[in-house]
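Listed here are the chains, written in short residue letters.
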Amino acid sequence: RRSSALGAPTMGDESTKRARTRGDRVLVVGSINVDLYQRIADGKVRFHSTSVDVTSIKGQTLPAKSFAQNPAIKAQLAELPCEAGKEEAFLLSMDGPFDQKTGGKGANTAAAAGQTWPCEFVGNLGSASADANAALLADLAMYGAVETGRCQTVAGCATGTAYILSFTDGDNAIVLIGGANQEWPAGDSVPSGPVGQAMRRAVAVMLQREIPARVNAGVAALASRAGVPVILDVGGTDEALDSALLPFVTLIAPNDSELTFISGVQAAETNSGAESISGVPAVEADSGAESISGVPAVQDNSGAVSLSGVRAGVAALKARFGAAGNPQVEVLVTLGRLGSVHFGADWALVDDPISSSSPNAHLHPSAGDASGGTQDDSAISRGMLPHETHMGIFSIKGNEPVDTTGAGDCYRGSFVAARYGDGKSVAEAMRWAAAASSLAVETTGAMQSMPTRAAIAERAAGTVHFRPFA
């Protein structure tokens, strides 16, 4: 489905130019799953005919163990046969019916990237899922022309499985059974294995957290030595960031909920004390980093996103990377209906350019180059901080999403392919990715919803809409 005419690239920043000379494809190393979809009208799933309300994990992707340990879920499982250490077996007992499709954050991201720029996916399949595996690889070829020749089949286990629980508003919760996604050889085998071979042609490497942290760390270290940019999607687990990854990440790409989790930024204190944000427990960052107190939260107490809070979360995150010797990590935060904000390598939290009383001034991408360009007076007057770019959203059919599954994967895969493959500037790549993800939410399914290059180009030529922050 990808057009064979990739078009003449528009060169962006210097790091993009260097990356363009190194390879001819985006490399995605990560997960591939059999996706089992279930639409839940009442916010509940059923195990052995017993209802379990899952609204507390709405918008999250969690492994089976974390699902069972979520406080709101755990309280409901007390009378069900969910034993510690056997959470995956329990999850398999979820009552149907299900609609089976191809997915996994790695595979979805590769399919999205492949619509814009040639892409290779390296991941694991399980020998116990031979019939399903053929369909999974066929889908990657169909939806993005993704190269999968270096994928491995692991003996004695099944391919990963994801339960996609779709709510009536188009949002979802995803619960994972790792399967072959968790069965990788020792990290020190990465350079000589299929990933090492694929790295020679990589223009950028994309990682997610549905495979072991040690594998991601090995791949990131190899990419760093080779001068290949490393992009990390933090979704797939609620574990803290692996400190071994921090020195090697070029760009980290959380959504607002994930930023809350990994930065340690907590909601403002109320009469009852500090509270969590949108059901995500406040996390005290490890490796010497501290949570921020006395600063705006990513979301206010009503759940609305605060730009001041996003900036505070990014500042905390960059401080942690800086302590690991990587102060120039870039951060790309996706914010749903509010679009996305990119914080460049040299970004730092400074006083508002207008006044400290107007931290949520409206941003426009025309104000400056997010990759680090200088700003003019009009940029400052619109509230943009140096090295910061905001991209809005495109209108979608019916004005409401049909299915948000895979929308974040679509955005990130499209962004990376546009920036490091096509060579677009950061702002141009964000516009391209916003167009792609707006198309993805108009269709059910994850991989099947990844739009073609031609469709993205047509949508990207339209009008971008901006909504104010809280």
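Residues numbered from 1 in each chain as written. Predicted model: local features only at pLDDT ≥ 70, side-chain atom pairs only at ≥ 80, totals over all residues. Heavy atoms only, no water.

J.: Please explain the overall build of the protein chain as it appears in this structure.
T.: Scanning the protein chain for helices and strands turns up 14 helices and 17 strands. Residues counted as buried form 56% of the 470 residues belonging to the protein chain. Contacts in the protein chain between residues at least 24 apart in sequence constitute 75% of all its contacts with a sequence separation of at least 6. Carbon and sulfur atoms make up 51% of the accessible area of the protein chain, which totals about 17900 Å². (Helix = DSSP H or I, 4+ residues; strand = E, 2+ residues; numbered from the N terminus. Buried < 20%, exposed > 50% of the residue type's maximum accessible area, 1.4 Å probe, protein only. Contact = heavy atoms within 4.5 Å. Areas by Shrake-Rupley, 256 points an atom, 1.4 Å probe, with all protein chains shown as cover.)

J.: Is there a simple way to explain the packing of helix H9 (residues 256-263) against helix H10 (residues 307-323) in this structure?
T.: In a packed pair of helices, the relevant descriptors are the angle between the two axes and the axis-to-axis distance. Between H9 and H10, whose axes approach to 9 Å, the crossing angle comes to 45°. One way to sum up the angle between H9 and H10 is to call them oblique. Two packed elements cross with a definite hand, and for H9 against H10 that hand is left-handed. The residues of H10 that touch H9, namely those facing Leu259, Ile262 and Ser263, are Val310, Gly313, Val314, Ala316, Leu317 and Arg320. (Axes fitted to C-alpha atoms, helices over the stretch in contact; angles between N-to-C directions. Parallel < 35°, antiparallel > 145°, perpendicular 65-115°, else oblique. Left-handed = near helix turned anticlockwise from the far one by under 90°.)

J.: It is not clear to me how the nonpolar core should be interpreted in this structure. Could you clarify?
T.: A general trend in soluble globular proteins is that nonpolar side chains are found buried together. Formed by 73 residues in total, the largest nonpolar core has its most connected members in Val26, Phe47, Val54, Leu91, Leu140, Leu165 and Phe415. Here this core gets 10 residues from one element, more than from any other, and that element is helix H13 (residues 426-440). Within the second largest apolar cluster, 46 residues are counted, among which are Val195, Met199, Val228 and Leu385. (Core = buried A, V, L, I, M, F, W, Y, C linked by side-chain atoms within 4.5 Å.)

J.: Sorry, what's going on with the packing of aromatic side chains here?
T.: The relation between two aromatic rings is expressed through the spacing of the ring centres and the mutual angle of the planes. Inspection of the entire model under this criterion finds four aromatic pairs. Pairing Phe47 with Phe67 gives two aromatic rings, centres 6.5 Å apart and planes at 45°, and the pair type is tilted. Of the two residues, Phe47 sits in strand S3 (residues 44-47) while Phe67 sits in helix H2 (residues 64-69), which places them 20 residues apart along the sequence. In this structure, Phe47 and Phe67 share a single accessibility class: buried. Note on Phe343 and Trp347: the rings are 4.9 Å apart at their centroids and 80° apart in plane angle, and the pair reads as edge-to-face. The two residues Phe343 and Trp347 agree in class, both being buried. (Phe/Tyr/Trp six-rings, centres within 6.5 Å; stacked < 30°, edge-to-face > 60°.)

J.: Looking at this structure, I do not really get the packing of helix H12 (residues 407-422) against H13. What am I missing?
T.: Interaxial distance between H12 and H13 falls to 8 Å at its minimum, and their mutual angle equals 145°. Crossing geometry of H12 relative to H13 is assigned as right-handed. On H13, the residues that touch Ala407, Cys410, Tyr411, Ser414, Phe415, Ala418 and Arg419 of H12 are Val426, Ala429, Met430, Trp432, Ala433, Ala434, Ala436, Ser437 and Ala440. When the residues that make up the contact of H12 with H13 are grouped by side-chain class, the tally is 13 nonpolar, two polar and one charged. (Nonpolar A, V, L, I, M, F, W, Y, C, P; charged D, E, K, R; others polar.)

J.: Looking at this structure, how should I read H9?
T.: Counting along an α-helix, one turn takes 3.6 residues, and residues three or four places apart therefore face a common direction. With seven of eight residues buried, H9 lies mostly within the body of the structure. All of the buried residues in H9 are Asp256, Glu258, Leu259, Thr260, Phe261, Ile262 and Ser263. The elements touched by buried residues of H9 are strand S14 (251-252), H10, strand S15 (330-334) and H12. Residue Asn255 occupies the N-cap position of H9, its side-chain oxygen lying 3.1 Å from the main-chain nitrogen of Ser257. Positive backbone phi, at 85°, marks Gly264, one or two positions downstream of H9. (Polar contact = N/O pair within 3.5 Å; in protein donor to acceptor, adjacent residues only side chain to side chain.)

J.: Before we go on, may I ask you to explain the pattern of salt bridges in this structure?
T.: Opposite charge on two side chains makes pairing possible when the charged atoms of those side chains draw close. Taken as a whole and judged by the stated rule, the model has 16 salt bridges. With a shortest N-O distance of 3.6 Å, Asp24 and Arg25 are connected by a salt bridge. Residue Arg25 is classed as buried on the basis of its relative accessible area, which comes to 13%. The partner of Asp233 in a salt bridge is Arg412, and the shortest N-O contact between them spans 3.6 Å. Within this pair, whereas Asp233 is found in the loop between strand S13 (230-232) and S14, its partner Arg412 is found in helix H12, the two being separated by 179 residues in sequence. The pair Asp233 / Arg412 is uniform in exposure class, with both members buried. (Salt bridge = Lys/Arg side-chain N within 4 Å of Asp/Glu carboxyl O.)

J.: Which parts of the structure should I look at to understand the sheet that holds strand S6 (residues 99-103)?
T.: Adjacent strands of a sheet form backbone hydrogen bonds with each other and so pair up, either parallel or antiparallel. Ordered by their spatial adjacency, five strands build an open sheet running S5-S11-S10-S2-S6, and the pairing between neighbours is mixed. Looking at strand neighbours, the two that pair on one side only are strand S5 (61-63) and S6, the edges of this open sheet. For this sheet, the mean inter-axis angle between neighbouring strands, taken without regard to orientation, is 25°. Here strand S10 (residues 160-166) pairs with strand S11 (residues 172-177) via six bridges, running antiparallel. Bridged to Ser166 within S11 is Asn172. (Pairing = 2+ DSSP bridges.)

J.: Could you clarify how one ought to interpret the sheet that holds strand S7 (residues 119-122) in this entry?
T.: Sheet architecture is open: eight strands sit in the order S7-S1-S12-S13-S14-S15-S16-S17, paired in mixed fashion. Only two strands of the sheet have a single neighbouring strand rather than two, namely S7 and strand S17 (388-391). Taken together, the four bridges between S15 and strand S16 (residues 340-343) define a ladder with antiparallel strand orientation. Paired with Val333 across the two strands is Val341, which belongs to S16. Contacting S14, S15, S16 and S17, H10 runs over the sheet at an angle of about 145° to S15.

J.: I'm lost on the environment of His342 in this one. Help?
T.: Of note, His342 is situated in strand S16. Taking C-alpha positions, His342 is 8.1 Å from His387, a pair spaced 45 residues apart along the chain. Within the local environment of His342, its side chain forms a polar contact with the side chain of Glu330, the two groups lying 2.8 Å apart.

J.: Would you mind going over unusual backbone geometry with me for this structure?
T.: Note: most residues except glycine have negative phi, and most peptide bonds are trans. With an omega of 5°, the peptide bond between Gly96 and Pro97 qualifies as cis. Inspection of the secondary structure assignment puts Pro97 in the loop between helix H4 (87-91) and S6. Phi at His48 takes a positive value of approximately 50°, unusual for a residue other than glycine. If you trace the backbone, His48 turns up in the loop between S3 and strand S4 (50-53). Even without glycine at this site, His387 takes up a positive phi of about 65°. With respect to the element layout, His387 can be found in the loop between helix H11 (377-381) and S17.

So, to be careful, I would describe these as geometric facts and stop short of saying anything about function.
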